[in-house]
Amino acid sequence: MNNLTRKQRKMLYRILAAAALLAAVKLLPHLFPVPVWMAVPLFLAPYLIIGWDVLWKAVRNILNGQVFDENFLMALATVGAFATGEYAEAVFVMLFYQTGELFQDYAVGKSRQSIAALMDIRPDTANLELEDGSLEEVDPEDVEVGSVVVVRPGERVPLDGEVLEGVSALDTAALTGESLPRDVGPGDAVISGCVNQSGLLRVKVTKPCEESTVSKILDLVENAGEKKAASENFITRFARYYTPCVVIAATALFLLPTIALALLPASAQPAFLAGTDWTGWLHRALIFLVISCPCALVISVPLSFFGGIGGASKCGILVKGSNYLETLARTETVVFDKTGTLTQGSFTVTALHPAGGVTEDALLEAAALAESWSSHPISVSLRKAWGKDLDPSRVTDVEEIAGHGVTATVDGKAVSAGNSRLMEREGVQWEPCELLGTIVHVTVEGQYAGHILISDLPKPEAKTLVEGLKAAGVKRAVMLTGDAEAAAKAVAQELGIDEYHAQLLPADKVEQVESLLAKKSPGAALAFVGDGINDAPVLTRADIGIAMGALGSDAAIEAADIVLMDDNPAKIATAMRISRKTLRIVKQNIWFALGVKGAVLLLGAFGVATMWEAVFADVGVAFIAILNAMRCLHVEAFKK
Amino acid sequence: MKKRFKLTDLDCANCAAKMEEAIKKIDGVHDATVSFMAQKMTVDADDARFDEIMKEIVAVCKKVEPDCVINL
C-alpha cells in the first residue's frame, strides 16, 4: 500500500468502493423487493464510480480524433452491456478492467524502479577540499577539473581522477559486475562509480561530471531504448492494424446476423442463426471490443528488452540498444582479435632454460637485475617473475642498446641480456629455443648462461570461452591476429578456436571479417570482439561490435555496440545467454498474448466466451506478460 | 539538433507508440522516439525551427494523450 503512488491509491479506493457498492446492489433484492425500474440507477452508481474517467477520456479522445483508443472500446463495450440489460456484467467488466490497469501500472512502475535502482551508481555528493583544507559537501556537477576531492571508505568515487594521496582497494562491482577489488595508490587513475573500500583517498579531478565514466555509462544505458529491435517495431506496427481490424470484425459480427435475422424469413435462415436474437450478437460483438486492445504486447516487448539490457548492465555488459541484443541472440560466428582479447596482452615469463652449471634462479636474477632500470614491457615481466626486491645499487654501467637488449655490471660481473642479435654482437654462442615466444638470452662475464622465454599468455577465463559460446549457440569461433603463424596456432589450439588467420595487418582484418560475413548463413549474425583500441573499423563492419576492457577507454565505448566493462572474455558468453533469454521471453509473450486473444476471439464469435474470458484476455494477459518480461532482469544465474 | 525531454504521466505503452508516430509526421522532424519505459522523448529536428516544432509536438501529444506532460 505504501509504495503506491497517489494516483494509484486513489484508483484502489475507487475499486474498493465500487466493489462494495456492487455487492450491496446485488444483495438488495434478497432483502426487500426492488421495483424493476430501480435496477438501472442502482447499478449506474458503482458503474460511474469506477468508470467515469474511462467514459470521459473516451469522449475527449473522440473529439481529438483518436477513435480506436482503449478507453473508447471499454466505454462502448460496457455501455453496450448496459443497453442489453446486462447491468451487473457491465459493472464487473469495468471493475476488472480498472483493477487490471492498476496492476499493470504498478508492475511497470516497479520494474522501471528496479531497473533505475540498478543503474543508480551515480554518487550524489562529492567532498570538495577547499583551500584552507576543510571539506565541503557539493554536487559532483559543481566540481571543477583540477580541484581535489576526498573519498572516505564506503563512499563512491564521485568523479574520474587521479589519486594524490592514500592507498585503498576499490570495488568496481557496480561498473563491471566483478567483485574483485582493484588496488589503487598515488598516481593511479580512479573511475567514478567505484566504491572506496578501505583507505581515505585524496583525488585530483581530471574530468568534468558530464564526461565522467559513470555519466557516460548511465547515458548509454538510459538511451538504449532508442534503438528499437525488429520485434518491437513489429509489435507497434501490428498494434496499429490489430485494433481497427477487431473493431471492424465486431461490427460485422453484430450487423450481419442482425440484418439477416430481420430480413430473411425464419425458414431461409442458416442453421447458426436459429434461436438467436440481435442482443445475443451484440453481446458477442462487445466481447470482441474488450479484447481489442493490444496493450499486453505493446508493453511487454519493450519491457523485456529494457529488462534484458538492465540485467546485462548488472553483469558489467553495456548494450547500446535493443536491436543489438536481438542481433546478438542470432550470432553464429564470433571473431576475436587475439592480443588483449584472448591473451593478456602483457608479457609473462613462461620458461627458464639455464645453460649447464647455472641455476634457474641465478639466470632470472641476473636478467632481472640487468634490466632493473628499464621500463620496457619485457623488463617489467622479468622483474615480476623474479618477484623479490632488487637492490639497484648492485647494478652499474647500464647501457640499453635499442633493438638488442641491455648490458650492465651486476655485482661487479658483466651481464648482458637481450635477443639473438645482441648475442651475435657480443660474439657469444647461443642456443635456440624450441618453444614459441620472445626469447631473452643472458650472458655472465661473456659466458652463455641460458635463455628466458617470455610470452603473451591466454587469459585464464579464455580457456572455457569457446565451450561457453558453443553452449550458447555459436557455431564458429575465429581468431584474427597480426602475430606470427606459429604463435597464433599455439593459442588457437589451446583455446579450441575453430579457425585462425595470422600475420594480418589492420586492413586485412576488415577483409577477413568481410569474407566471413559473406560465408555466414542467412539470418545469422557475426560478432567481432576486440579491445576497441585499434580495431574500430572492424568493430563497425561486423553485425555486432563488442569491445572489452572498456573501463576508462572512451574510444571503445564509442565504437562498439556492446561494451564489456572489464577484460574477462567469458562475459561474451554471458551476454549471449542474456540476449537469448530475453528473446525467448519476448517470443513467449508475443505468442502467449496473440494465442489467448485469438482463442477468446474465436470462442466469442461462436458465443462460447463470456465477458469474463474477454477481460482476462485483455488485462490478465497483459499482467502475466509483464511478470514474464520481468524475468529478463534476473541474471544472477549468469553472474557466478 | 537532437534533444531529450522527460515525460510525466505517460501511462500507456500504446499511447507512446501513437505519440511517436504522430511526432514523426510533423514537418521538420527527422526522427523521434518515445520511450515508455524510460519516460523519455528524443526529438531530432531542424535547428532553425526547433522551438516552433516543439510547440507542434506538444500540441500533437496533447491530442493523443492529454494526461502526459512534456517537461520542456
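Residues numbered from 1 in each chain as written. Chains lettered and ligands numbered in written order. Predicted model: local features only at pLDDT ≥ 70, side-chain atom pairs only at ≥ 80, totals over all residues. Heavy atoms only, no water.

1. Details of the overall build of chain A
Formally: Counting from the N terminus, the helices are DSSP H or I runs at least four residues long and the strands are E runs at least two residues long. The globule rule used here is 2.2 Å times the number of residues to the 0.38 power, and the radius of gyration it is set against is calculated over C-alpha atoms. Buried, partly exposed and exposed residues are distinguished by accessible area as a fraction of the type maximum, computed with a 1.4 Å probe on protein chains only: under 20%, between the cut-offs, and over 50%, respectively. Residue exposure ignores everything except the shown protein chains as possible cover, and the areas themselves are Shrake-Rupley values with a 1.4 Å probe. His is not counted here, nor are the chain ends, while Lys and Arg score as positive and Asp and Glu score as negative. To locate a charge, take atom NZ for lysine, CZ for arginine, CG for aspartate or CD for glutamate.
For chain A, the helix and strand inventory stands at 22 helices and 22 strands. Scaling as 2.2 N^0.38, a compact globule of 640 residues should have a C-alpha radius of gyration of about 26 Å, whereas chain A reaches 35 Å, well beyond that. The 640 residues of chain A split such that 50% are buried. When the accessible area of chain A is evaluated, it comes to approximately 28,800 Å², of which 59% is carbon and sulfur surface. The distance from the centre of the 54 positive side-chain charges to the centre of the 73 negative ones in chain A is 10 Å.

2. Observations regarding a nonpolar patch on the surface
All names here are of chain A. Just so we agree on the cut-off: Residues enter a patch when their relative accessible area is above 30% and they make no salt bridge; the linking distance is 9 Å between like charges and 5 Å between nonpolar side chains (Val, Leu, Ile, Met, Phe, Trp, Tyr). Salt bridge criterion: a side-chain nitrogen from Lys or Arg within 4 Å of a carboxyl oxygen from Asp or Glu.
Taken together, the side chains of W52, W56, V59 and L63 make up a nonpolar region of the molecular surface, amounting to roughly 500 Å² of accessible area. Its place among the elements puts W52 in helix α2 (residues 39-63). Accessibility expressed as a relative area gives 47% for W52, which makes it partly exposed.

3. Focus on the confidence of the model for chain B
Selection rule: The predictor attaches a confidence to each residue, and that confidence, scored 0 to 100, is pLDDT.
Mean pLDDT for chain B: 85, with 100% of residues reaching 70 or above. In the predicted complex, the global pTM is 0.77; the interface-specific ipTM is 0.74.

4. Quick notes on the interface of chain A and chain B
Interface size, as often reported, equals the accessible area lost upon joining of the parts. In plain terms, the rule: Residue contacts are defined here by distance: any two heavy atoms, one from each residue, within 4.5 Å place the two residues in contact. What counts as buried area is the accessible surface, traced by a 1.4 Å probe, that two parts surrender upon association, with contributions from both included.
Across the boundary between the two partners, chain A contributes 28 residues, which contact 24 residues of chain B. Of the roughly 2,100 Å² buried at the junction of chain A and chain B (both faces included), carbon and sulfur atoms supply 48%. Together, Q66, R112 and E226 of chain A form the three largest contributors to the area buried by chain A at its contact with chain B, with a combined 24%. Elements with a minimum of two residues in the side of chain A that touches chain B: α2, α4 (87-118), α6 (213-222), α7 (230-263) and α9 (295-314) of chain A.

5. What about the nonpolar core?
Our working rule: Residues enter a nonpolar core if they are buried and are Ala, Val, Leu, Ile, Met, Phe, Trp, Tyr or Cys, with the set joined through side-chain atoms within 4.5 Å.
Of all hydrophobic cores here, the largest spans 183 residues; its most connected members are F336, L469 and I546 of chain A together with M41 and I57 of chain B. For this core, the element with the most residues is helix α20 (residues 570-605) of chain A, which contributes 12 residues. Aside from chain neighbours lying at most four places away, what touches M41 of chain B is K3, R4, F5, L7, I23, T33, V34, M54, I57 and I70 of chain B. Ranked by size, the runner-up nonpolar core spans 22 residues in total, among them V349, W386, A408 and V442 of chain A.

6. A closer look at the sheet that holds strand β7 (residues 189-190) of chain A
The following threshold applies: For two strands to be treated as a pair, DSSP must find at least two bridges joining them.
Read from one edge to the other, the open sheet built from six strands follows the order β2-β1-β3-β9-β4-β7 (chain A), with strand pairing classed as antiparallel. Of all strands in the sheet, those bounded by a partner on one side alone are β2 (135-138) and β7 of chain A.

7. What to know about the pairing of strand β1 (residues 2-8) of chain B
Residues and elements named next belong to chain B. Sheet topology places β1 next to strand β3 (residues 40-45); five bridges connect them, and they run antiparallel. What sits directly across from F5, in β3, is M41. Bridging between β1 and strand β4 (residues 69-71) involves three bridges; their strand directions are antiparallel. Bridge pairing in β4 places T8 opposite V69.

8. A look at the sheet that holds strand β11 (residues 331-337) of chain A
All names here are of chain A. Inclusion rule: A fitted line through C-alpha atoms represents every axis, and for helices the fit uses only the stretch in contact; the resulting angles, taken between N-to-C directions, go from 0 to 180 degrees.
Taken together, seven strands build an open sheet; the order of strands is β10-β22-β21-β20-β11-β18-β19 and the sheet is mixed. This sheet does not close on itself; its edge strands, each paired only once, are β10 (317-319) and β19 (499-501). On average, adjacent strands in this sheet sit at an angle of 20° to one another, irrespective of strand direction. With two bridges joining them, strand β21 (residues 544-547) and strand β22 (residues 562-564) adopt parallel strand pairing. In the sheet register, A547 faces β22, and the bridge partner there is V563.

9. Examining the layout of surface pockets
As a reminder of what qualifies: Points on a 1 Å grid, built from protein atoms alone, make a cavity when a 1.4 Å probe fits but cannot get out and make a pocket when they are open with protein on both sides within 12 Å along at least 5 of 7 lines; residues with an atom within 4 Å of a point are the lining residues. Grid points are joined across faces, edges and corners, and a volume is the space filled by probe spheres set on the points.
Within this model, the largest pocket holds a volume of roughly 1,200 Å³. Along the walls of the largest pocket sit 43 residues, with K7, Q8 and D105 of chain A together with D9 and D11 of chain B positioned nearest its centre. For the lining of the largest pocket, the elements supplying multiple residues, two or more each, are α1 (6-31), α2, α3 (70-83) and α4 of chain A together with β1 of chain B. Element by element, the count of residues in the lining of the largest pocket is highest for α4 of chain A, at 12 residues.

10. What about a negative patch on the surface?
On the surface, D124, D139, E141, D142, E210 and E211 of chain A cluster together into a negatively charged patch. Residue D142 of chain A is classed as exposed on the basis of its relative accessible area, which comes to 55%.

11. Topic: the side chain of S35 of chain B
With respect to the helices and strands, S35 of chain B occurs in strand β2 (residues 29-35). Setting aside residues no more than four positions away along its own chain, S35 of chain B makes contact with L10 and K40 of chain B.

12. Focus on the packing of aromatic side chains
Residues and elements named next belong to chain A. Put simply, the rule is: Working definition: a ring pair exists when centres of Phe, Tyr or Trp rings (six-membered ring for Trp) sit within 6.5 Å. Plane angles under 30 degrees give stacked, over 60 give edge-to-face, the rest tilted.
This model, assessed by the stated rule, comprises seven aromatic pairs over all chains. Seen from their ring centres, F43 and Y87 are 6.0 Å apart, and the 25° between their planes marks the pair as stacked. Linking F43 in helix α2 with Y87 in helix α4, this pair joins segments that are 44 residues apart in sequence. Given a relative accessible area of 11%, F43 falls into the buried group. Residues F82 and Y87 carry aromatic rings whose centres are separated by 5.5 Å and whose planes lie at 45° to one another, so their mutual orientation is tilted. According to the relative accessible area criterion, F82 is buried, its value standing at 12%. Judged by relative accessible area, Y87 falls into the partly exposed class, the value being 24%. Members of the aromatic cluster, joined through ring pairs, are F43, Y47, F82 and Y87.

13. Overview of unusual backbone geometry
In this structure, Q503 of chain A takes a positive phi of about 50° despite not being glycine. Judged by its relative accessible area of 54%, Q503 of chain A is exposed. Although it is not a glycine, D9 of chain B sits at a positive phi angle of roughly 60°. Relative to the helices and strands, D9 of chain B is located in the loop between β1 and α1 (13-24). Exposure remark for D9 of chain B: the relative accessible area of 36% places this residue in the partly exposed category.

14. Some points on the packing of α1 of chain A against α2 of chain A
All names here are of chain A. What counts, and what does not: Should an angle lie under 35 degrees it is considered roughly parallel, over 145 roughly antiparallel, and from 65 to 115 roughly perpendicular; all remaining angles are considered oblique. Take the far helix as the reference: if the near one is turned anticlockwise from it by less than a right angle, the crossing is left-handed, and if turned clockwise, right-handed. Residues were grouped as follows: Ala, Val, Leu, Ile, Met, Phe, Trp, Tyr, Cys and Pro as nonpolar; Asp, Glu, Lys and Arg as charged; and all remaining residues, including Gly, as polar.
Running from N to C, α1 and α2 cross one another at 165°; their axes reach a closest spacing of 9 Å. With respect to each other, α1 and α2 are oriented roughly antiparallel. Classified by chirality, the crossing of α2 by α1 is left-handed. For the pair α1 and α2, contact is made by M11, R14, I15, A18, L21, L22, V25, K26 and L28 and by L42, F43, A45, P46, I49, I50, G51, W52 and D53, respectively. The residue makeup of the contact of α1 with α2, split by class, is 14 nonpolar, one polar and three charged.

15. Section: the pattern of salt bridges
Oppositely charged side chains are able to pair whenever their charged atoms sit close together. Residue and element names in this part refer to chain A. Applying the stated criterion across every chain yields a total of 21 salt bridges over all chains. Where K475 meets E332, a salt bridge forms, and the shortest distance between an N and an O atom there is 3.6 Å. Of this pair, K475 sits in the loop between α15 (465-471) and β18 (476-480) while E332 sits in strand β11; the two residues are 143 residues apart in sequence, bridging distant segments of the chain. Looking at K475, the relative accessible area reads 59%, which means it is exposed.

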